[in-house]
Amino acid sequence: MEIKTIMVVGAGQMGSGIAQMAAKSGYSVYLNDISRELVDKGLAGISASLDRMVKKEKISKDEKAGVLDRIQSAVTLDSAAQCDLIVEAAVEKMEVKAEIFKKLDQTTPAKAILASNTSSLPITAIAAHTGRPEKVIGMHFMNPVPVMNLVEIINGLATTPEVTEAVCKTAEAMGKTPVECRDVPGFVSNRVLMVMLNEALWELYEGVATAEGIDQIMKLGMNHPMGPLALADLIGLDTVLAILQILQEGYGDPKYRPCPLLKSYVNAGWLGKKSGKGIYNYYRS
Ligand code: 3HC
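Each residue is numbered by its place in its chain's sequence as written, counting from 1. A pLDDT threshold of at least 70 governs which residues receive local features in this predicted model, and a stricter bar of 80 or more applies before side-chain atom pairs are shown or counted, although totals over entire chains, interfaces and linings include all residues. Derived side-chain values reflect all non-hydrogen atoms in the structure, with water molecules and hydrogen atoms excluded from consideration.

**Student:** So, the site of the ligand: which residues are in play, and what are the values?
**Tutor:** If you check the shell around the ligand, you find 19 residues, and the closest are Ser49, Lys56, Lys58, His140 and Asn143. N or O atoms within 3.5 Å of each other form a polar contact, as long as, within protein, one can give a hydrogen and the other can take it, and as long as residues adjacent in sequence are counted only when both atoms are side-chain atoms. Here an oxygen atom of the ligand and a side-chain polar atom of lysine 56 are 2.6 Å apart. Interatomic distance of 2.7 Å between a backbone N/O atom of asparagine 143 and a nitrogen atom of the ligand. Surface burial for the ligand is 67%, taken as the share of its 1000 Å² of free accessible area covered by protein chains. A run of DSSP states H or I qualifies as a helix once it reaches four residues; a run of E qualifies as a strand once it reaches two. Both are numbered from the N-terminal end. Listing elements by their share of the shell around the ligand, those giving two or more residues are α2 (36–55), α7 (189–205) and α9 (228–235). Per-element tally for the shell around the ligand: the top contributor is α2, with 3 residues. We call a residue near a given molecule or strand whenever any one of its heavy atoms falls within 4 Å of it. Note that accessible areas follow from Shrake-Rupley with a 1.4 Å probe, and for residues the cover is restricted to the protein chains shown.

**Student:** With reference to specific residues and values, describe the packing of aromatic side chains.
**Tutor:** Aromatic rings from Phe, Tyr and Trp, taking only the six-membered ring of Trp, are treated as a pair when their centres fall within 6.5 Å; an angle between ring planes under 30 degrees marks them as stacked, one over 60 as edge-to-face, and anything in between as tilted. If you walk through the whole model with that rule in mind, you get 3 aromatic pairs. For a Lys NZ or an Arg CZ to count as sitting over a ring, it must be within 6 Å of the ring centre and within 35 degrees of the ring normal. Lying over the aromatic face of tryptophan 270, lysine 277 brings its terminal NZ or CZ to 4.3 Å of the ring centre.

**Student:** Describe the pattern of salt bridges, naming the residues involved and giving the relevant values.
**Tutor:** By definition here, a salt bridge exists when the distance from a side-chain nitrogen of Lys or Arg to a carboxyl oxygen of Asp or Glu is within 4 Å. Applying the stated rule across the entire model yields 9 salt bridges. Note that lysine 111 is salt-bridged to aspartate 84, the shortest N-O span being 3.1 Å. Note that lysine 111 is positioned in the loop between α4 (94–107) and β5 (113–116) and aspartate 84 in the loop between β3 (71–74) and β4 (85–88), a separation of 27 residues in sequence. Exposed residues in this analysis have more than 50% of their type's maximum accessible area, buried residues have under 20%, and partly exposed residues fall in between, with area computed by a 1.4 Å probe over protein chains only. For lysine 111, a relative accessible area of 53% puts it in the exposed group. Assessed through its relative accessible area of 12%, aspartate 84 is described here as buried. The partner of lysine 135 in a salt bridge is glutamate 134, with the nearest N and O atoms 3.7 Å apart. Taking relative accessible area as the criterion, lysine 135 reaches 16% and is therefore assigned buried. For glutamate 134, a relative accessible area of 27% corresponds to the partly exposed category.

**Student:** For the packing of α2 against helix α3 (residues 61–69), give the residues involved together with the corresponding values.
**Tutor:** Helix axes are fitted to C-alpha atoms over the stretch in contact, other axes to C-alpha atoms as well, and angles between N-to-C directions run from 0 to 180 degrees. Interaxial distance between α2 and α3 falls to 10 Å at its minimum, and their mutual angle equals 160°. The angle between the axes of α2 and α3 places the two elements in the roughly antiparallel class. By crossing handedness, the relation of α2 to α3 is classed as right-handed. Residues Ile46, Ser47, Leu50, Asp51 and Val54 of α2 pack against Lys61, Lys64, Val67 and Leu68 of α3. We call Asp, Glu, Lys and Arg charged. Ala, Val, Leu, Ile, Met, Phe, Trp, Tyr, Cys and Pro are nonpolar, and the rest, Gly among them, are polar. Taken together, the residues that form the contact of α2 with α3 break down as 5 nonpolar, 1 polar and 3 charged. With respect to orientation, any angle under 35 degrees is reported as roughly parallel, any angle over 145 as roughly antiparallel, any angle of 65 to 115 as roughly perpendicular, and every other angle as oblique. A crossing counts as left-handed when the near helix is turned anticlockwise from the far one by less than a right angle, and as right-handed when that turn is clockwise. Between two residues, a contact is recorded if the distance between any of their heavy atoms is within 4.5 Å.

**Student:** How would you summarise the environment of cysteine 181 if you had to cite specific residues and measurements?
**Tutor:** Inspection of the secondary structure puts cysteine 181 in strand β8 (residues 177–182). The sequence separation of cysteine 181 and isoleucine 153 amounts to 28 residues, and the corresponding C-alpha distance is 6.2 Å. Once residues within four sequence positions are removed from consideration, cysteine 181 is found in contact with Glu152, Ile153, Ile154, Asn155, Phe187 and Val188.

**Student:** Describe in detail the environment of glutamine 245, supporting the description with residues and values.
**Tutor:** Among the structural elements, glutamine 245 can be located in helix α10 (residues 237–251). Dropping the residues within four chain positions of it, glutamine 245 is found in contact with Pro258 and Lys263.

**Student:** Report on the nonpolar core, specifying residues and quantitative values.
**Tutor:** As used in this record, nonpolar core signifies buried Ala, Val, Leu, Ile, Met, Phe, Trp, Tyr and Cys residues forming a set joined through side-chain atoms within 4.5 Å. Formed by 38 residues in total, the largest nonpolar core has its most connected members in Leu85, Met139 and Phe141. In terms of residue count, the dominant contributor to this core is helix α1 (residues 13–24) (6 residues). With sequence-adjacent residues up to four places away left out, leucine 85 is seen in contact with Ile3, Thr5, Ile6, Met7, Ile113, Ala115, Met139, Val167 and Thr170.

**Student:** Can you explain the domain arrangement of the protein chain? Please cite residues and give values.
**Tutor:** By convention here, the domain bounds are inherited from an automatic or database domain assignment. Domain annotation for the protein chain reports domain 1 (5–182) and domain 2 (190–275). Between domain 1 and domain 2, the C-alpha centre-to-centre distance is 26 Å. Contacts between domain 1 and domain 2 engage 7 residues on the former and 6 residues on the latter. Of the roughly 580 Å² buried between domain 1 and domain 2 on both sides combined, carbon and sulfur atoms contribute 56%. At the boundary of domain 1 with domain 2, the tally comes to 0 salt bridges. On the surface where domain 1 and domain 2 come into contact, there are 3 residue pairs in polar contact (both at pLDDT 80 or more). Residues of the side of domain 1 that touches domain 2, tallied by class, amount to 2 nonpolar, 5 polar and no charged. When two components associate, each loses some accessible surface as probed by a 1.4 Å sphere; the sum of these losses over both components is called the buried area.

**Student:** Before we move on, could you go through the pairing of strand β1 (residues 5–9) and cite the residues and values that matter?
**Tutor:** For β1, the buried fraction is high: 5 of the 5 residues fall into the buried class. Strands qualify as paired when DSSP identifies two bridges or more between them. Across 5 bridges, the pairing between β1 and strand β2 (residues 28–32) is parallel. Bridge pairing in β2 links valine 8 to leucine 31. Following the backbone out of β1, through α1 and into the adjacent parallel β2, one traces a crossover that is right-handed. The handedness of a crossover follows from its direction of travel: if, with the strands pointing away from the viewer, the path from the first strand over the helix to the second runs clockwise, the crossover is right-handed.

Following this line, the structure appears as structure tokens:
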């Protein structure tokens, strides 16, 4: 199972980060989204991230050009026919992922591996929308992808060891450390992380401390690189809410119930950094 060409479906912050790291590691990459504008926005984000690296002399201008040259735009899934591995990083909605995986199953060669970057949807359920559940796996990258070392590898019920091995090798080739786990709601990472973020939101809701105070306590007291409320804004409050709802439904345990403040913010369209406002303000004055 040699991986040479990769398609990333979804050119948002996660998808573009995955495409960047794959291209930086020498893979041929197709970056797909539903419109030219969305793909271009993803490419602009990659270019900005690479500029940061050039400025810090981590890569040369030529290397930056090489990375961008290895990424081709794709506004349909047709180019998946040329790919050995597809990493889906579309929105966290089962109906959207089901459609994408059905189409990928028809478009890609039988040997191709279909991976999802889902943050909490069951891999086994996604795999059931294809005729090749043994080749479906979770490849859960962390945000921001160029910086974070982990790729959580989630084996569905039918995933074969050969597929897991091929995907782990690819993650390593991308400079990441793969760590395997079983397909349970929230996997390992988000089952732990989301409880912490939600608890920080409850503290804010109850007026235990200010947002800055809660974040400072966790940064200075636990050596976390950023506080839980700033991290919730970075991940996206809509994503945090969606994952908590999946945990609540999956385990039926009230400890996962989302804080009402989180729901209000999402209803208001205050989604965090990506929308310019969340728990904190990100508008440029
Ligand atoms: N592209 C390229 N490089 C980037 C980058 C990007 N998008 N973002 C940050 N960097 C680099 C910077 O250039 C800098 O490089 P240097 O060390 O060589 O100077 C380094 O990362 C640190 O960045 P900054 O100096 O700008 O800022 P910080 O030191 O505050 O670090 C952070 C920023 C890396 C985001 C850090 O605060 C952090 O690690 N936060 C925690 C992130 C985290 O927990 N992520 C996981 C979220 S959960 C998840 O993704 C799962 C999902 O399913 C919800």
